[in-house]
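Secondary and tertiary structure notes
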Amino acid sequence: MVMQRRRWIPLLLLRKLLSAAICVIAFMALFSVHVHIFPSSKPNDHKFNDMIHTSHDLQSWTQELVPPHLSNFSKVPLHISKTQKLNGSRGNSDYKKLWKPPSNRGFLPCTKPTPNYTTPAESRGYLLVHTNGGLNQMRAGICDMVAVARIINATLVIPELDKRSFWHDTSNFSDVFDEEHFIHSLANDVKIIKKLPIELVSETRIVKQFISWSGMDYYQNEIASLWEDFQVIRASKSDSRLANNNLPPDIQKLRCRACYEALRFSPRIEQMGKLLVERMRSFGPYIALHLRYEKDMLAFSGCTHDLSPDEAEELRMIRENTSYWKIKDIDPIYQRSKGYCPLTPKEVGIFLTALGYPSNTLIYIAAGEIYGGESHMAELRSRYPLIMRKEKLASIEELEPFANHASQMAALDYIVSIESDVFIPTYSGNMARAVEGHRRFLRRGRTISPDRKALVHLFDKLNQGRMTEGEKLSNRIILLHKRRLGSPRKRKGPISGTKGMERFRSEEAFYANPLPDCLCRAEPPHVNISHIVR
């Protein structure tokens, strides 16, 4: 009996050890499980970096975090190591060549008014403004109208956003911009009110289309003289109504304060935009690609390269039926040869490859719906499969408040573009100019402006078999863009030989490059020799 008990003792001990081991393994497994949470419809609920660990690859992230109907991105066969983000660490040898921002050459923002600047003079009347165009065209116009209100001593009524343009966006000013911040930030410059006083609503007013690119004399004399007969002046358009150059320093600095400090997006847009940036940054540096290959742009410009005859005819009909687009008959071959057409998605892929960006580069498409959809995106995606959009980064619920509002969706793209490591516009339109100028002002990342005219000739050689992709093409394209990386430089004046309106039109836009008016070289610190230890 005693011997039998002795035999059982080791077995009992072994059983207890096995049970303890099983418990420890189960306990460890429980706490090592990676729990995935779908993004909340409220961006504040969770920090995106808390949702995903860098030990999981981008493929598993998109499979579990992206809505099912937008999960094509999850099919990309990419795996990321536990210790490495996309494109390598910041210490990667390619970082300097591909991602490092250009030197700011000592330039810093300088928007404070001069010592002679005074508070707003007594208002002589009210300036109503009807903005026109898309988001960035309206942004520039609003900032110009702030300056015009200052010049003519007007009280500015919060501008009315364009609801009749191609996008038919019903957004009001406060839906897109932070109205209270706008009013209070400019209180020492211009008096701004939300609505015209009720007693003046039925007052006779003059509706005036200000002459494009006008200077001080025009506004101080011709426009200000209207106060003698009217209490309310309504500007029927706001785009390009103020000269780019030859204005007093305080007016130029006011334009910058309005654009880069006062005119910020509404809190909910800012919040959502920052969340999108955070989600992109989770995987390292990224390119924001303003792929202006959209129906309205192609129809407006008359560019049909690589489109089918049916697609070209559809765009021609849109142009023909849009009354406020004045030019109807356009030669698409001539447009492209002069660099007036946006790069196609296929051309963008060749361009990025030649610059040296690897296939695992993360790209954010800052644009609306690409014309032709996947049929035109396939070649770009075959080179760069990691292509993201708002709809891939956020859930349907998160984007629902901004849906069907082109200006608000464009504002989200604007924020992600401003914060990107590299910004590349495929066309020099309003958004390209606005983002480029804002990034110059903030000294943010590198902005690569494709030389479309030169690139078209290279792309044609490729198509004709007179050149192949490789080191020779890469060297040509890199050399072409060596000085097109967004470093500070003086704003370009008009093209020599141009006259009249064409002369003003050829100037570099103020908001594309606010130097020298709003960027100044930092002075070296003053050395007090009395403090030097002998």
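Just above sits the structure.
Residues numbered from 1 in each chain as written. Predicted model: local features only at pLDDT ≥ 70, side-chain atom pairs only at ≥ 80, totals over all residues. Heavy atoms only, no water.

**Looking at the pairing of strand S7 (residues 286-290)**
When you tally the buried positions in S7, you get five out of five residues, the bulk of the element. Burial along S7 is two-sided: Tyr 286, Ala 288 and His 290 and Ile 287 and Leu 289, pointing in opposite directions, are all buried. Where S7 lies against strand S8 (residues 362-365), four bridges are found, and the strand directions are parallel. Across the sheet, residue Tyr 286 finds its bridge partner in S8, namely Leu 362. Pairing of S7 with strand S10 (residues 422-425), which is carried by four bridges, proceeds in the parallel orientation. Of the residues in S10, the one forming a bridge with Ile 287 is Val 422. (Buried < 20%, exposed > 50% of the residue type's maximum accessible area, 1.4 Å probe, protein only. Helix = DSSP H or I, 4+ residues; strand = E, 2+ residues; numbered from the N terminus. Pairing = 2+ DSSP bridges.)

**Observations regarding the pairing of strand S2 (residues 125-129)**
Burial analysis of S2 places five of its five residues in the buried class, the great majority of the element. Strand direction decides the pairing type here: S2 and strand S3 (residues 154-157), joined by three bridges, are parallel. Counted as the bridge partner of Leu 127 is Leu 156 from S3. Relative to strand S6 (residues 232-235), S2 is paired through four bridges, and the arrangement is parallel. When the sheet's bridge partners are listed, Tyr 126 is paired in S6 with Val 232.

**Let's talk about the sheet that holds S6**
Through backbone hydrogen bonds, the strands of a sheet pair up, either in parallel or in antiparallel fashion. Spatially, the five strands line up as an open sheet ordered S4-S3-S2-S6-S5, and their pairing is parallel. On the outer flanks of this sheet lie strand S4 (192-193) and strand S5 (206-208), each paired with one strand and no other. Pairing geometry for S5 and S6, over three bridges, is parallel. Bridge pairing in S6 links Ile 206 to Ile 233.

**Section: the state of the cysteines**
If you walk through the whole model with that rule in mind, you get three disulfides. Each sulfur in the disulfide pair Cys 110 and Cys 520 lies 1.8 Å from the other. Because the sign of the S-S torsion sets the handedness, a value of about 70° for the bond joining Cys 110 and Cys 520 places this disulfide among the right-handed ones. One end of the pair, Cys 110, is in the loop between strand S1 (107-109) and S2; the other, Cys 520, is in strand S12 (residues 519-521), and 410 residues separate them in sequence. On the accessibility criterion, Cys 110 (17% relative accessible area) is buried. Through a disulfide, Cys 303 is tied to Cys 341; the S-S separation comes to 2.0 Å. Because the sign of the S-S torsion sets the handedness, a value of about -90° for the bond joining Cys 303 and Cys 341 places this disulfide among the left-handed ones. Here the residue Cys 303 occupies a position in the loop between helix H11 (295-301) and helix H12 (309-321), and Cys 341 occupies one in the loop between helix H13 (332-337) and helix H14 (345-355), the gap between them amounting to 38 residues. Here Cys 303 matches Cys 341 in class, with each residue buried. Disulfide partners in the protein chain, listed by the sequence order of the bonded cysteines, are 1-6, 2-5, 3-4. Unpaired in terms of disulfides, Cys 143 finds its nearest cysteine sulfur in Cys 259, a separation of 4.1 Å. (Disulfide = S-S within 2.5 Å.)

**Examining the packing of H14 against helix H20 (residues 452-463)**
Their axes nearest at 11 Å, the elements H14 and H20 cross at an angle of 95°. With respect to H20, the axis of H14 lies roughly perpendicular. On H20, the residues touching Lys 346, Glu 347, Ile 350 and Phe 351 of H14 are Leu 455, Phe 459, Leu 462 and Asn 463. Grouping the constituent residues of the contact of H14 with H20 by class yields five nonpolar, one polar and two charged. (Axes fitted to C-alpha atoms, helices over the stretch in contact; angles between N-to-C directions. Parallel < 35°, antiparallel > 145°, perpendicular 65-115°, else oblique. Contact = heavy atoms within 4.5 Å. Nonpolar A, V, L, I, M, F, W, Y, C, P; charged D, E, K, R; others polar.)

**Section: a nonpolar patch on the surface**
There is a patch of nonpolar side chains on the surface, built from Phe 166, Trp 167 and Tyr 324 and spanning about 300 Å² of accessible area. Tracing the chain through its elements places Trp 167 in the loop between S3 and helix H6 (173-176). The partly exposed category is assigned to Trp 167, whose relative accessible area is 37%. (Patch = residues over 30% accessible without salt bridge, like charges linked within 9 Å, V, L, I, M, F, W, Y side chains within 5 Å. Areas by Shrake-Rupley, 256 points an atom, 1.4 Å probe, with all protein chains shown as cover. Salt bridge = Lys/Arg side-chain N within 4 Å of Asp/Glu carboxyl O.)

**Brief notes about the sheet that holds strand S9 (residues 387-388)**
The five strands are arranged S9-S8-S7-S10-S11 in an open sheet whose pairing can be described as parallel. At either margin of the open sheet sits one strand with a lone partner, and together these are S9 and strand S11 (446-447).

**Some remarks on the packing of aromatic side chains**
This structure, assessed with the given rule, holds 12 aromatic pairs. Judged by centre distance (5.3 Å) and plane angle (50°), the ring pair of Phe 173 and Phe 182 falls under tilted. For Phe 173, a relative accessible area of 3% gives the class buried. One aromatic cluster is present, formed by Phe 173, Phe 177, Phe 182, Phe 265 and Tyr 414 through successive ring pairs. Across the ring face of Tyr 414, the terminal group of Arg 139 is positioned such that the distance to the ring centre comes to 4.7 Å. When the ring centre of Tyr 117 is taken as reference, the NZ or CZ atom of Arg 257 above it lies at 5.4 Å. (Phe/Tyr/Trp six-rings, centres within 6.5 Å; stacked < 30°, edge-to-face > 60°. Lys NZ or Arg CZ within 6 Å of the ring centre and 35° of its normal.)

**Some details on the nonpolar core**
The biggest cluster of nonpolar side chains holds 85 residues, and the ones touching the most others in it are Leu 127, Ile 152, Phe 177, Phe 182, Phe 210, Tyr 219 and Phe 265. Broken down by element, this core gets its largest block of residues, 10 residues, from helix H5 (residues 135-151). When residues are assigned to domains, this core turns out to be shared by domain 1 (125-261) and domain 2 (267-293 + 342-512), each giving three or more. When neighbours within four sequence positions are excluded, Ile 152 is seen to be in contact with Arg 124, Tyr 219, Ile 223, Ala 224 and Trp 227. Judged by nonpolar contacts, the second largest core, of 42 residues, contains Ile 287, Trp 325, Leu 352 and Leu 462. (Core = buried A, V, L, I, M, F, W, Y, C linked by side-chain atoms within 4.5 Å. Domains from an automatic or database assignment.)

**Considering H5**
The first and last C-alpha atoms of H5 sit 25 Å apart over 17 residues, in line with the 24 Å expected at 1.5 Å per residue. The buried fraction of H5 is high, at 16 of 17 residues. Positive backbone phi, at 55°, marks Asn 153, one or two positions downstream of H5. (Expected span 1.5 Å × (residues − 1).)

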